[in-house]
There are 2 protein chains.
Amino acid sequence: MTPQSTDDGIALGLDFGTESVRAAMVSIVDGREVGTASAPYRHGVLDRALPTGEPLGRHWALQHPHDWLDGAADAIRGALAHAGRDAHAIVGVGVAFTACTPLPTTADGTPLCDVPTFARRPHAWPKLWKHHAAHTDAEHLNTVAQARDESFLTYYGGRIGLEWLLPKALQVLREAPDLYAAAERFVEGGDWVVRQLTGRETRNACAAGYKGLWNADSGDPGEAFLAAVDPRLADFAQRTSGPIVAPGTCAGHVTAAAAERFGLRPGTPVSAATIDAHAGVPGAGVAGPGTMVAIMGTSSCQLAMADHPYRFEGFAGLVRDGILPGYYGYESGQAAVGDLFAWHLRECLPQEVVDAAARSHGGDVHALLSERAAHVPPGAGGVVALDWHQGNRSVLMDGALSGALVGLRLDTDAAQIYRALIEGTAFGARVIVEAYRDAGIPIDRLVVCGGLPRSNPFLTQVYADVLDRPLAVSASDETVARGAAIFGALAADAFPTPADAVACLGAPIARTVTPDPTRRDAYDRVYAIYRRLHDHFGRDARDLMHDLDALGG
Amino acid sequence: MTPQSTDDGIALGLDFGTESVRAAMVSIVDGREVGTASAPYRHGVLDRALPTGEPLGRHWALQHPHDWLDGAADAIRGALAHAGRDAHAIVGVGVAFTACTPLPTTADGTPLCDVPTFARRPHAWPKLWKHHAAHTDAEHLNTVAQARDESFLTYYGGRIGLEWLLPKALQVLREAPDLYAAAERFVEGGDWVVRQLTGRETRNACAAGYKGLWNADSGDPGEAFLAAVDPRLADFAQRTSGPIVAPGTCAGHVTAAAAERFGLRPGTPVSAATIDAHAGVPGAGVAGPGTMVAIMGTSSCQLAMADHPYRFEGFAGLVRDGILPGYYGYESGQAAVGDLFAWHLRECLPQEVVDAAARSHGGDVHALLSERAAHVPPGAGGVVALDWHQGNRSVLMDGALSGALVGLRLDTDAAQIYRALIEGTAFGARVIVEAYRDAGIPIDRLVVCGGLPRSNPFLTQVYADVLDRPLAVSASDETVARGAAIFGALAADAFPTPADAVACLGAPIARTVTPDPTRRDAYDRVYAIYRRLHDHFGRDARDLMHDLDALGG
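Because the structure is predicted, anything quoted here is derived from the model rather than measured. (Residues numbered from 1 in each chain as written. Chains lettered and ligands numbered in written order. Predicted model: local features only at pLDDT ≥ 70, side-chain atom pairs only at ≥ 80, totals over all residues. Heavy atoms only, no water.)

Residues and elements named next belong to chain A. On the basis of which strands lie adjacent, the open sheet formed by seven strands has the order 14-15-13-12-18-19-20 and mixed pairing. The sheet terminates laterally at strand 14 (317-320) and strand 20 (509-513), the two strands that pair on one side only. Neighbouring strand axes in the sheet, compared pairwise and without regard to direction, differ in orientation by 25° on average. Of the pairings in the sheet, the one linking strand 12 (residues 290-296) to strand 13 (residues 300-306) comprises five bridges and is antiparallel in character. Following the sheet pairing, Ile 295 is matched in strand 13 by Cys 301. (Pairing = 2+ DSSP bridges. Helix = DSSP H or I, 4+ residues; strand = E, 2+ residues; numbered from the N terminus. Axes fitted to C-alpha atoms, helices over the stretch in contact; angles between N-to-C directions.)

Ordered by their spatial adjacency, four strands build an open sheet running 16(A)-17(A)-17(B)-16(B), and the pairing between neighbours is antiparallel. Only two strands of the sheet have a single partner each, and these edge strands are strand 16 (384-386) of chain A together with strand 16 (384-386) of chain B. The average undirected angle you get between the axes of adjacent strands in this sheet is 10°. Helix 18 (residues 520-540) of chain A contacts strand 16 and strand 17 (403-408) of chain A together with strand 17 (403-408) of chain B of the sheet and is inclined by roughly 35° relative to strand 16 of chain A. The strands that helix 18 (residues 520-540) of chain B touches are strand 17 of chain A together with strand 16 and strand 17 of chain B; relative to strand 16 of chain B, the one it contacts most, it runs at about 35°. (Contact = heavy atoms within 4.5 Å.)

Time to look at the state of the cysteines. All names here are of chain B. Taken as a whole and judged by the stated rule, the model has zero disulfides over all chains. No disulfide involves Cys 100; its sulfur sits 12 Å from the nearest other cysteine sulfur, which is in Cys 206. No disulfide involves Cys 504; its nearest neighbouring cysteine sulfur is the one of Cys 449, lying 18 Å away. We classify Cys 504 as buried; its relative accessible area is 15%. (Disulfide = S-S within 2.5 Å. Buried < 20%, exposed > 50% of the residue type's maximum accessible area, 1.4 Å probe, protein only.)

All names here are of chain A. By secondary structure assignment, the location of Glu 175 is in helix 3 (residues 165-175). When its relative accessible area of 41% is taken as the criterion, Glu 175 is described as partly exposed. C-alpha separation for the pair Glu 175 and Cys 100, spaced 75 residues apart in sequence, amounts to 19 Å. With residues up to four places along the chain from it excluded, the contact list for Glu 175 reads Trp 60 and His 123. Among the polar contacts made by the side chain of Glu 175, one reaches the side chain of Arg 174 at a distance of 3.4 Å. (Polar contact = N/O pair within 3.5 Å; in protein donor to acceptor, adjacent residues only side chain to side chain.)

Before going further, it helps to examine unusual backbone geometry. A cis amide bond, omega 0°, links Ala99(A) with the succeeding residue Cys100(A). Within the secondary structure, Cys100(A) sits in the loop between strand 4 (90-97) and strand 5 (102-105). Between Ser394(B) and the following residue, Val395(B), the backbone shows a cis peptide bond with an omega angle of 10°. Relative to the helices and strands, Val395(B) is located in the loop between strand 16 and strand 17. Non-glycine residue Met397(A) carries a positive phi angle of around 50°. Within the fold, Met397(A) resides in the loop between strand 16 and strand 17.

We now examine the environment of Ala24(B). Residues and elements named next belong to chain B. Locating Ala 24 in the fold gives a position in strand 2 (residues 20-27). Linking Ala 24 and Leu 12, residues 12 residues apart in sequence, is a C-alpha distance of 5.8 Å. Discounting chain neighbours no more than four positions away, the residues touching Ala 24 are Ala 11, Leu 12, Gly 13, Gly 35, Thr 36 and Ala 481.

Because an α-helix completes one turn every 3.6 residues, residues spaced three or four positions apart along the sequence face the same direction. Residue and element names in this part refer to chain A. Looking only at helix 12 (residues 365-373), the buried set comprises Val 365, Leu 368, Leu 369, Ser 370 and Ala 373. Where helix 12 is buried, its residues contact helix 10 (338-347), helix 11 (351-360), helix 13 (414-439) and helix 15 (457-467). N-cap assignment for helix 12: the residue whose side-chain oxygen lies 3.1 Å from the backbone N of His 366 is Asp 364.

A few words on the interface of chain B and chain A. Contacts between the two partners involve 56 residues from chain B, matched on the other side by 55 residues from chain A. Note on chain B versus chain A: buried area summed over both sides is about 4,400 Å², and carbon and sulfur give 58% of it. Looking only at chain B, the three residues that lose the most surface to chain A are Arg409(B), Leu410(B) and Leu551(B), adding up to 20% of its buried area. Note that Arg532(A) and Asp543(B) form a salt bridge whose closest N and O atoms lie 2.9 Å from each other. (Buried area = accessible area lost by both parts, 1.4 Å probe. Salt bridge = Lys/Arg side-chain N within 4 Å of Asp/Glu carboxyl O.)

Glancing now at the pairing of strand 12 (residues 290-296) of chain B. Two faces, one strand: in a regular strand the side chains alternate between the faces of the sheet. Residue and element names in this part refer to chain B. Counted residue by residue, strand 12 has seven buried out of seven residues, so it is predominantly covered. Sheet topology note: the strand 12/strand 18 (residues 443-449) ladder contains six bridges and is parallel. Paired with Val 293 across the bridge in strand 18 is Val 447. A loop of three residues connects strand 12 with strand 13 (residues 300-306), the two strands running antiparallel in sequence.

Attention now goes to the side chain of Ser299(B). All names here are of chain B. Of note, Ser 299 is situated in the loop between strand 12 and strand 13. Ser 299 sits in the buried class, given a relative accessible area of 15%. Setting aside residues no more than four positions away along its own chain, Ser 299 makes contact with Trp 129, Gln 334, Ala 335, Ala 336, Val 337 and Arg 393.

What follows covers the packing of aromatic side chains. Enumeration over the complete set of coordinates arrives at 35 aromatic pairs over all chains. On the numbers, 6.2 Å between centres and 75° between planes, the contact of Tyr330(A) with Tyr436(A) is edge-to-face. Of this pair, Tyr330(A) sits in strand 15 (residues 328-334) while Tyr436(A) is found in helix 13, placing the two residues 106 residues apart along the sequence. A single burial state applies to Tyr330(A) and to Tyr436(A), both of which are buried. The interplanar angle of 35° and the centroid separation of 5.7 Å between the aromatic rings of Tyr180(B) and Phe186(B) together place this pair among those described as tilted. Taken as a pair, Tyr180(B) and Phe186(B) share a single burial class, namely buried. In textbook terms, an aromatic cluster arises when at least three aromatic residues are bridged by ring pairs, as seen for Phe16(A), Trp68(A), Phe97(A) and Trp192(A). Residue placement shows Arg311(A) over the ring face of Tyr155(A); its charged tip is 4.6 Å from the ring centre. (Phe/Tyr/Trp six-rings, centres within 6.5 Å; stacked < 30°, edge-to-face > 60°. Lys NZ or Arg CZ within 6 Å of the ring centre and 35° of its normal.)

Moving on, we get to the pairing of strand 3 (residues 33-40) of chain B. Residues and elements named next belong to chain B. Of all eight residues in strand 3, six are buried, a share of seventy percent or more. As judged from the seven bridges shared by strand 2 and strand 3, these two strands associate in the antiparallel manner. Among the inter-strand pairings, Ala 23 is bridged to a residue of strand 3, identified as Ala 37. Between strand 2 and strand 3, which pair antiparallel and follow one another directly, the connecting turn spans five residues, one of which, Gly 31, has a positive phi of 75°.

See below:
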């Protein structure tokens, strides 16, 4: 990480996250991170009101598109300064972006929220991936698609996700038809940023495939399906049409105006965008089948590649070339992981723990609770958590599901609940891994990335024990930005093959956590209880969960 | 409550609770509380270790018998001082005691924990009602009783409770057979106190009936049943045999030694003991059928009388003359109510709530949370709690059941959880009331007693709304001690009939809470969800709950 005065080229990876954008400069000679910087979004997540004060409904989550550009400009300049290099050293730029985060724009790419007549309308703003207010729309889309037995469903485990493009677009159409009519384009945030850099509109195959229901075989959902959903939706494909470009392909070159705004060299090649989590796979050093990569943060995303298209319950998306060219890429996910632990600390923290953490752990409540939870036996002393506090993304794909704590007693303490929540997310991961295994997809190795596994050895041990297999912990916090940098390097033709780029620029493994065989039987027993809760509330009594969700109003 | 220098007689009621003993002096002329006092037990509840340091297992709960006597001596003297009267004014003494709280003694009534060779043995000590470590024993007793279709089961809704006499005695036999052999008597705490006052051993019909499986028709469980449970248990009835005496009957008179120790007049009539909750019925002014009395404290107890013996699922005990002479007394209960809210505040309280309560409510977190929870709609914004944090006493009668919170989301806050817990206990009460209603027992009126309903108007409103009927809130915190005083007065023949004593000494009603009809439909919907959770975890998936309980070790 020490800036060095060499003249080796660097690839720039940009990682547009939920709260901030990160920039990483990675040497294309030896894969060193020569400079990194991040910039928070000035407006953060808009989940209560627009910047203009208009209130937002429950489950809404928007972003401000200016935050993306302002943040990127700051982060790029910061990373260059950190590297002690100038923009001429950058051989290519890659863009990784949370998805599905679409925004409605005019034909020339102007966000509708920048059009004065629409600025005070919530639907004019980019809907962040975790915008969950399109539940009704997702249900309707699923009903119609299942009734018509639409073939695209087979690419998505049979269900259209609440967070995806069509539910979000349908919500605009339903609730703000005039605004929908004015939205000549519905553009993924990543593609929109690439357009700001290059002046050209492209559509990245990763987001189009995983979130837009597009696939290489049959293209976008057909007009007949869209018309059956709502006649006014029939021409939706026109609002997204355009060249589909795979990540790593050059989408264009940095324009003079963009060079000035972002501190880049005009003419620098820019890769087509990709989804942040998916960039994490090459970024973690994985170039092919046999390894599952889990990006663990506020939520978790599990990704794997295979040589063949398997179809089974448990993946949220299957896209050819969706992670790296030449492979079928599979995505699964857990909607709340780090967010779940943060919820516990925010809403359920005894004063005694706060005081004890202040005395003995410098106020680090996570550290104290992890230490105490490590002394609780598997099964958290009889408490099992369903980790659905933000719905279930895999294998049930239902955002209206909610979390549960079962087994509470008057002597249940915060350390038990903390352990139950960590175990709950690990059981959720096991459901996913077992679904892949049962489908015949080879998973020989697990790589985990993100701040959570790097900072919490108790958590990684629980995961290794619950999954009963070794866990390789990535050494880098920048696997997503590294992955974006790999695509930037590929866009610049800096490597002959994607595998060569991954070998050079992928992050090393910091440590491997081995499962404790003495805990295997205990976790098998607790997992059996988790599975029964999972199947009851997720299948048999799903209507009860929906009734509960409806109480939330 | 102002002490007055009158010469009217007073009845003394003693209420031996979980943490303290209370004494109430009530005028037999006009029912005024002329003096009250309470004394905490010096050793509190022994749930971690004996006073001698020996550690206790999970779910254990013991008491120290000396605490009962020392506490009573202090409370009686305190109440007399408060009343400004002397012991000669006391016409009779009544004893209400938590049950089932039995202790093993020698033939002369010496507690085995006072015998030096046994003092360091946990099983030598009185097992408090909430001692829950006899789970295996209760299961075994139920299995044998059900296999033999024992007729006594029909008095108890078909199940022997975990907290009752035989499970506790069987645990002693199984885990400490030498100590069981030395225990010539197993005595209810209330009967033991009456023996200390009068020098005579009696057995009160209330505890014998509700907790000892005794009934007036067929007596104690038969030797064949006991032998089938364990051959060594065959002669158990000899360890409890003796005169069965109904509350209100004179059990004896205060001895000279007891007069000295407790500050009483020698020769004062002492009533047979009764169970604390059951004393609360006459204490609340209820003398016959048509009214259900709920004693709400750390746990809740629901009691009602009827002219006929109904048998249905939902009562924990049916005892002729068990509450007042001439009626069949029914008992149901909820094992955790106030304890549940206290658990929430102890283990799940956000710092923000603590800080806000300090700023705006003088640190009263209950007041702040109640105020906030009042703004949450019925159903707690989509969270439903199963209130089984200490098992379920009615209608499921299973101490190994545990609590649950279902419907948790990342935006669920402490006020929602607080409301969900209050609603959960109200739904638990509704299950009981509906079971009585469905059995045909007339319940026209509900009276609630205890500090909880007196201090928390939000809680009583939720109960009235959930139960959809008016709730009469007792004006007195001393309904149990008043009930004991009524029995003391009856033992002294101070009134011609129990109804006359109740009319004079029963507590008045402070206020009546009316249900809000606009919430009826909403609560019916939430209650339907609660019932499904109740029936799933309490019936269909009871084995899952037992697996969870086993994880606790």
